[in-house]
Amino acid sequence: DTAVSQTPKYLVTQMGNDKSIKCEQNLGHDTMYWYKQDSKKFLKIMFSYNNKELIINETVPNRFSPKSPDKAHLNLHINSLELGDSAVYFCASSQPTGSDTTNEKLFFGSGTQLSVL
Amino acid sequence: GQNIDQPTEMTATEGAIVQINCTYQTSGFNGLFWYQQHAGEAPTFLSYNVLDGLEEKGRFSSFLSRSKGYSYLLLKELQMKDSASYLCAVHNFNKFYFGSGTKLNVKP
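Anyway, here's the lowdown on the structure attached to this text.

Rules and cut-offs
- Residues numbered from 1 in each chain as written.
- Chains lettered and ligands numbered in written order.
- Predicted model: local features only at pLDDT ≥ 70, side-chain atom pairs only at ≥ 80, totals over all residues.
- Heavy atoms only, no water.
- Helix = DSSP H or I, 4+ residues; strand = E, 2+ residues; numbered from the N terminus.
- Rg over C-alpha atoms; globule rule 2.2 N^0.38 Å.
- Buried < 20%, exposed > 50% of the residue type's maximum accessible area, 1.4 Å probe, protein only.
- Areas by Shrake-Rupley, 256 points an atom, 1.4 Å probe, with all protein chains shown as cover.
- Pairing = 2+ DSSP bridges.
- Disulfide = S-S within 2.5 Å.

## Topic: the overall build of chain B
- When you go through chain B residue by residue, the secondary structure sums to zero helices and eleven strands.
- Taking 2.2 N^0.38 as the reference for a compact globule, 108 residues should give roughly 13 Å; the C-alpha atoms of chain B span a radius of gyration of 13 Å, in line with that estimate.
- Based on the C-alpha atoms only, the size of chain B along its principal axes is roughly 40 × 30 × 20 Å.
- Per-residue burial over chain B gives 48% buried out of 108 residues.
- Accessible surface, chain B: about 5,100 Å² in total, of which carbon and sulfur atoms supply 49%.

## Digging into the pairing of strand β3 (residues 19–25) of chain A
Residues and elements named next belong to chain A.
- Inspection of the sheet shows strand β1 (residues 4–7) paired to β3 by four bridges, in the antiparallel sense. Its bridge partner being in β3, T7 is matched across the sheet by K22.
- Pairing analysis gives four bridges linking β3 to strand β8 (residues 73–78), with the strands arranged antiparallel. Across the sheet, I21 pairs through a bridge with L76, a residue of β8.

## Overview of the state of the cysteines
Residue and element names in this part refer to chain A.
- For the structure shown, the criterion picks out two disulfides over all chains.
- Bridging C23 to C91, the disulfide has an S-S length of 1.9 Å. One quick way to see it: the torsion about the S-S bond of C23 and C91 is about -75 degrees, and its sign makes the bridge left-handed. With a gap of 68 residues between them, C23 in strand β3 and C91 in strand β9 (residues 87–94) connect regions that are remote in the sequence. Both residues of the pair, C23 and C91, belong to the buried class.

As structure tokens, this is what we get:
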């Protein structure tokens with residue numbers, strides 16, 4: 001069974017459209033994330049949720065709206081898509097361990113390649 | 001701000017040893033992680049360091065010097081399947097800050 005699964009894997013759409021990417025994890029983790037990887041392969045955090053509550057919003061345009069219906073799901077909705085939104089979006093999860101980070105590694109989904117035309 | 005630097009690309013020969021360096025300047029530090037990412041795939045965890053020193057894990061080892069803001073990943077007995085990008089990430093409170101990755105090309 002896939003630990004972190006996200007759909008769709010590929011998303012091709014026109015500028016101005018609205019689209020959603022879904023993510024689910026079956027690891028029982030409390031924290032989920034959205035990362036954006038640009039053409040230079042730079043992975044940048046967008047959002048982080050802990051047990052359904054937003055804890056990190058890294059100055060992402062408000063056209064991006066994450067939603068966490070429960071701690072196993074974190075979806076990303078994008079309004080009015082722009083050319084610059086083209087990238088690979090990765091969902092990830094981890095289990096916070098307080099001061100001990102030894103087990104707090106990230107588990108990534110397989111990514112969604114978004115192409116805005 | 002957070003700054004994590006890695007070489008963009010490296011090439012090495014099958015069977016050889018390669019060292020990928022990472023330097024960082026971050027406002028906080030809870031640990032340093034290395035991830036491997038094959039083209040078109042998700043990053044997968046390789047190793048982590050919280051304290052100074054060398055952590056060995058089979059063909060892969062990772063070193064950390066917190067005072068120097070420096071880490072390296074050492075890959076021994078290189079195999080063709082090791083051709084991938086290697087991402088250095090600093091864990092700071094609730095966030096992971098990633099470098100842009102080092103693309104490793106392993107040639108026969």
